[in-house]
Every structure is written in structure tokens, then in C-alpha cells.
Amino acid sequence: MRVCCVSRTNIIDVGLTDVSERSGPDACPGAFQTHSAADGAVARIRVPGGILTARQLRELGHTAASLGSGVIELTSRANVQIRGLHGEAERSLATRMAAAGLLPSATHERVRNILASPMAGLDGQGLIEVAPLVRELDLAIRSRPVLADLPGRFLFAVDDGRGDVAALGADIALLPPSFVLIAGQDSGLRVSPEEAVPVMVAAAEAFLAERGSADSKAWRIAELPDGPARIAARLGGHAAASPLLQPGDGGVATVAGKQLGALAQPGGWTALSVMPPLGRLSAAQAHAVATAADTGDGEIRLTPWRGVIVPGLTWADAELWLPRLADVGLITDASSPWTGVTACTGRPGCAKSLADVQADAIRAMAGAGARGAAEALPVHWAGCERRCGRPSGPAVLVVATGHGYRVDAGGRSVSCTGIEETASAISTTRTTADGPAGTTEP
Ligand code: SF4
């Protein structure tokens, strides 16, 4: 058996969340069940495998511009969000998403959370193509009425064998050549990729059955006592005691921070890999990406690292489009100081926030010049101590305090009052600290 690019000796602890105090189902937003935020409603549209057509991305951009804040937010599950919806805009958004083929099921829309290795088939490193399996899994989920009861936080992953998305904490993951991971733990089950979808769906059904029999309010398998073991046993497997992969194994940093620009594909084609600053893709940027994709396969892949990949271009078209994408403000070079910088919603979208962290991050980054960050720690800005969206693994955390920011990294904290002081503290700690471990949140 082969586990690509991963260490089987790295072990992490998974604490059990106390779910007894929960009052009801999870409140993850969808296109119909939106989330009410301080700046209007937020709709989340699931994009299984992160795979979109150019036409769909263009429609997302038009919808964000005409109904919402004008920005498509990319999420850590390669889904998209549109915020700032008011009044009739919510219903109009659902209608437009359905017409674009992005809402094929009203009953199952929130449970189509499927991660897939974004570079599968593009760099010769994986073992399988993931797109057909993603489509098969999506269809299988939607065809089972019982799976509409899955929580919106439940997550599937289809890895191509390199271990990138299998390391991201999915409830059920396929890791070729034959592993089925349950809450990150080896289930003991071995399947070929062709046999995988029925097993993954059966594992999801087993979670619902196990949750029902335990009268639990768990949203994730890891929240059930002995969840991975119990579900593996229902399927005839025997779960290992510890997770197989470490968060960050399988090249999260590599994919997020280094594979930007024009990437050679097998067969002489080229893929463009870009990132919008802070994962916020403007309508104009979406239009530019979609137009570039029209010259290739017409396909776009969103990554769990809030990046965008446009595959299937000729080298000449790639040379033409890379500077154009840079001109509209997309990050096209891994040495950009923007690489690895993220921020929570902050003000005005989140009422809990003590600062407009996205605007402050932009101000701080304006002074970052060409310092370069390809080898530096990720930086995450947060408007309060909840630190939503902080990355897995070591990171510099920049937390609003109400009178400035606190910069946390490697067990040290620096309190700062102004943006310049904060930017300086980030710059110093980013390249010198072993930051604190974080936890990826949906
Ligand atoms: S970290 Fe705090 S301010 Fe930021 S989105 Fe979460 S709750 Fe809101």
C-alpha cells in the first residue's frame, strides 16, 4: 500500500466536543437557508470538488454584483459565499443559481460538501482523476433522501493519492490507492476508487444511524464517542486509534503558497494558478478568470486554500493571460507577500468584530512591499478571540483587541496599537516564529 507525500507516524489528538448543549441543527448557510449577518444575509453555494464552468463563475460574479456586496467569497471547503443580500435578493439568488446549474437539489443543497484534490490530473502527481468520482458521489448523495438529514458541516473528500485534501479533516475521505478514512482515521476498509462511492455513502448513512441510536446532536463523526470505530464497525472495518494524516501533510503549504503562476500540465498544456487577496474574488476578477478559462477547457477549479486554477491553456494563452489576471489584482506569484494571508469576516459583516480586519489587513499589506512570503508562516487576521477561519498548523494570528491588535506566534504575543506597528510585528514574527497550532474551521 502506498500513502503519497504523507507521514503515517505523525499523530494528532482529536478532542471530543461536548454537543449536549446544542439546541438544534447546525446553522450552516445555504442558498435557501441563508445566514443573517450584520451586513445582510449570507448565502453559501456548494461547489462539489471546487469544479465550476466559466459560465457558472461568470454568473456568480454577476449575481454578487447585482444582488450582493459585489464579492464572491471563497471558503476553505472550495465553496463560495455571497453576502450583503437584502429583501428579495435572497430568492432571486436561489433562482439564478438554480438556472446556472449550481443548485441541482433543494433538499440536499447544504450537504454537498465534497473536497477534491485541485491539481488532480494537472501535474502528474496523483494516482487518479477525481472529477468523475466527485460527480458520482454528488449524485449518490442527492439520490438518497435520508442524506438530506446530514448536518451542513459534514464533509466528504476525494483525494487523488497525494494526501492534500485527505489531510483536511473530512468526515469521510477516499485516499487512493485504497484507504477510506473516517474522521481522519484509517477505517481498515480497502476499496478501489471504482468501489469507493457506495462505501462513502454507506459511511454517511452509518453516521446518521449511529447518531440516532445514541440520541446525539453531533454534527461531525469526530463528535460521536468512538465515532470512527463505531462507523467502521458498521461497515465491517476496524478503525485505527489515531488519525492517519497530520493537518498540513500532503502539501497544503506547497499548494497554497508555492504553486502559483503558470504550471506545466502533461501533454504540453498549461494551468494558471492564482489567488484573490483574502479569498475575496471581485466580479471583475471572476469575469477575467472566466474569460481566460474560455481559451482553455472552460473549466475552473477552486481550491480549499482559496485559490483558483484555470487548466488546459496553450502556453501562448497562458503567457497572455497571467499578466492580465495580475492586472485585475489577483496574486500570480508565490513570492507575493499576500501569499498565505487570510482574514475572518470582521466588521461590518460580523457584529462580534472589534475591527474591520479586512481593511486593516489591506492597509498593513500595502507596506509589506516585496518582502516575499513564500517560505513564511501563514498570517490570519481575526476580529475577536474566536479567530474564525484560522489555518491549520503553525500561523501568525493577528487578533483585534478593541484598541489595536495582538500578534500571536510561537507562544509569544506582541500588543500593537497602530497598523504600522502591527505590520512590523507581523513581518518580524512571520519569518522567525514557530506559530501556535490552529484548527481549521468550516
Ligand atoms: S473571529 Fe470573531 S469577528 Fe471574526 S468572524 Fe469570527 S466571530 Fe466574527
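Predicted model only: the values in this text are computed from it and were never measured.

Engineer: Pulling in residues and values, what's your account of the overall build of the chain?
Structural biologist: When helices and strands are counted, the chain shows 10 helices and 20 strands. Put simply, the chain has 442 residues, and 56% of those count as buried. By sequence separation, contacts in the chain at least 24 residues apart represent 68% of the contacts at least 6 residues apart. In the structure as shown, the chain presents an accessible area of about 17,600 Å², 53% of it carried by carbon and sulfur atoms.

Engineer: Which residues make up the site of the ligand, and what values do they have?
Structural biologist: Taken together, the neighbourhood of the ligand is formed by C344, T345, C350, K352, S353, G383, C384, R386, R387 and C388. Partitioning the shell around the ligand into residue classes produces four nonpolar, three polar and three charged.

Engineer: Account for the packing of helix α1 (residues 54–67) against helix α2 (residues 89–99), naming residues and giving values.
Structural biologist: Two numbers describe how α1 lies on α2: the axes approach to 10 Å, and their chain directions differ by 170°. Classified by the angle their axes make, α1 and α2 are roughly antiparallel. Across the interface between the two elements, R55, E59, L60, H62, T63, S66 and L67 from α1 touch A89, S92, L93, R96, M97 and A99 from α2.

Engineer: I'd like to hear about the pattern of salt bridges, residue by residue, with values.
Structural biologist: Across all of its chains, the model carries 21 salt bridges by this definition. A salt bridge links E210 to R234; the shortest N-O distance between them is 2.6 Å. Of this pair, E210 sits in helix α4 (residues 193–213) while R234 sits in helix α5 (residues 227–234), and the two are 24 residues apart along the sequence. For R234, a relative accessible area of 44% corresponds to the partly exposed category. Taken together, the shared-partner salt bridges in this structure form one network comprising D39, E73, R83 and R280.

Engineer: How would you sum up α4? Please name residues and give values.
Structural biologist: Helix length check: α4, at 21 residues, gives a terminal C-alpha distance of 30 Å against a target of 30 Å (1.5 Å per residue), a fit within 8%. Downstream of α4 by a residue or two, D215 has a phi angle that is positive, lying close to 50°.

Engineer: How would you sum up the packing of aromatic side chains? Please name residues and give values.
Structural biologist: In this structure the tally under the stated criterion is three aromatic pairs. Summarising the aromatic geometry, the rings of F154 and F207 are spaced 5.0 Å apart at their centres and angled 35° between planes, so their arrangement reads as tilted. You can see F154 sitting in the loop between α3 (131–142) and β7 (156–158) and its partner F207 sitting in helix α4, a full 53 residues away along the chain. Taken as a pair, F154 and F207 share a single burial class, namely buried. Ring geometry for W381 and Y405: centres 5.0 Å apart, planes at 75°, overall edge-to-face.

Engineer: How would you summarise the sheet that holds strand β15 (residues 308–313) if you had to cite specific residues and measurements?
Structural biologist: With antiparallel pairing, five strands are arranged side by side in an open sheet as β3-β14-β15-β12-β11. Looking at strand neighbours, the two that pair on one side only are β3 (51–53) and β11 (261–264), the edges of this open sheet. When the angles between neighbouring strand axes are averaged without regard to direction, this sheet yields 30°. With four bridges connecting them, β11 and strand β12 (residues 270–274) associate as antiparallel partners. Across the sheet, the residue bridging to A262 is L272, located in β12. In this fold α1 packs onto β3 and β14 (299–302), with an angle of close to 85° to the strand it touches most, β3.

Engineer: Tell me what's going on with the confidence of the model for the chain, and back it up with residues and numbers.
Structural biologist: Residues shown with low pLDDT carry predicted positions that ought not to be read at fine detail. Averaged over every residue, the pLDDT of the chain is 89; the share at 70 or more is 89%. Here residues 251–257 is modelled with pLDDT under 50, and outside its nearest four sequence neighbours on either side it reaches 13 contacts, counting other chains as well. Counting contacts from residues 435–442, a segment whose pLDDT is below 50, to residues more than four positions away or on other chains yields 32 contacts.

Engineer: Could you give an account of the nonpolar core, naming the residues involved and the relevant values?
Structural biologist: Where a protein is soluble and globular, its nonpolar side chains tend to be buried together. Membership of the largest hydrophobic core comes to 43 residues, with the highest contact counts inside it found for L57, L60, I72, L93, I300 and L302. No other element matches the six residues that helix α7 (residues 283–294) contributes to this core. Excluding its chain neighbours within four sequence positions, the residues that come into contact with L60 are I45, L52, I72, V80, I82, M97 and L102. Counting residues in hydrophobic clusters, the runner-up holds 39 residues, among them A120, V158, V197 and M200.

Engineer: Before we move on, could you go through the sheet that holds strand β18 (residues 396–400) and cite the residues and values that matter?
Structural biologist: For sheets, the rule is that strands pair by backbone hydrogen bonds, running either parallel or antiparallel. Read across the open sheet, the five strands follow the order β16-β17-β18-β19-β20; overall the sheet is mixed. Unpaired on one side and paired on the other, β16 (341–343) and β20 (412–416) mark the two borders of the sheet. The sheet shows a mean angle of 20° between the axes of neighbouring strands, taken without regard to direction. Summarising the sheet, β18 and strand β19 (residues 405–409) pair through four bridges and their orientation is antiparallel. Paired with V398 across the bridge in β19 is V407. Lying over the sheet, helix α9 (residues 357–366) contacts β16, β17 (379–382) and β19, oriented at roughly 140° with respect to β17. Against the sheet, helix α10 (residues 419–430) touches β16, β17, β18, β19 and β20, its axis set at about 0° to β19.

Calculation notes
- By convention here, each chain's residues receive numbers from 1 onward along its written sequence.
- The model is predicted, so local features are restricted to residues of pLDDT at least 70 and side-chain atom pairs to those at 80 or more, both for listing and for counting; the totals for chains, interfaces and linings are taken over all residues.
- Heavy atoms from the whole structure form the basis of all side-chain values; hydrogens and water molecules are not counted.
- Secondary structure elements follow DSSP: runs of H or I no shorter than four residues count as helices, runs of E no shorter than two count as strands, and numbering proceeds from the N terminus.
- For every residue, the accessible area (1.4 Å probe, protein chains only) is compared with the maximum for its type, and the residue is labelled buried under 20%, exposed over 50%, or partly exposed between those bounds.
- Whether two residues touch is decided by their heavy atoms; if any such pair falls within 4.5 Å, the residues are in contact.
- Values of accessible area rely on a 1.4 Å probe in the Shrake-Rupley scheme; residue burial ignores everything except the protein chains shown.
- Think of it this way: one heavy atom of a residue within 4 Å of a molecule or strand is enough to make that residue near it.
- Polarity classes work like this: nonpolar for Ala, Val, Leu, Ile, Met, Phe, Trp, Tyr, Cys and Pro, charged for Asp, Glu, Lys and Arg, and polar for all others, with Gly in that last group.
- Angles run from 0 to 180 degrees between N-to-C directions of axes, and those axes are lines fitted to C-alpha atoms, restricted for helices to the stretch in contact.
- Should an angle fall under 35 degrees it is called roughly parallel, over 145 degrees roughly antiparallel, and 65 to 115 degrees roughly perpendicular, with every other angle called oblique.
- Salt bridges, as used here, are contacts in which a Lys or Arg side-chain nitrogen is within 4 Å of a carboxyl oxygen on Asp or Glu.
- Given the number of residues in a helix, its expected span is that number minus one, multiplied by 1.5 Å.
- Each aromatic pair joins two rings of Phe, Tyr and Trp (for Trp, the six-membered one) with centres within 6.5 Å, and gets the label stacked for planes under 30 degrees apart, edge-to-face for over 60, and tilted for any other angle.
- Pairing between strands is defined by DSSP: at least two bridges between the two strands are required.
- Each residue gets a pLDDT score, which is the predictor's confidence in that residue and runs from 0 to 100.
- In this description, a nonpolar core means a group of buried Ala, Val, Leu, Ile, Met, Phe, Trp, Tyr and Cys residues linked to one another through side-chain atoms lying within 4.5 Å.

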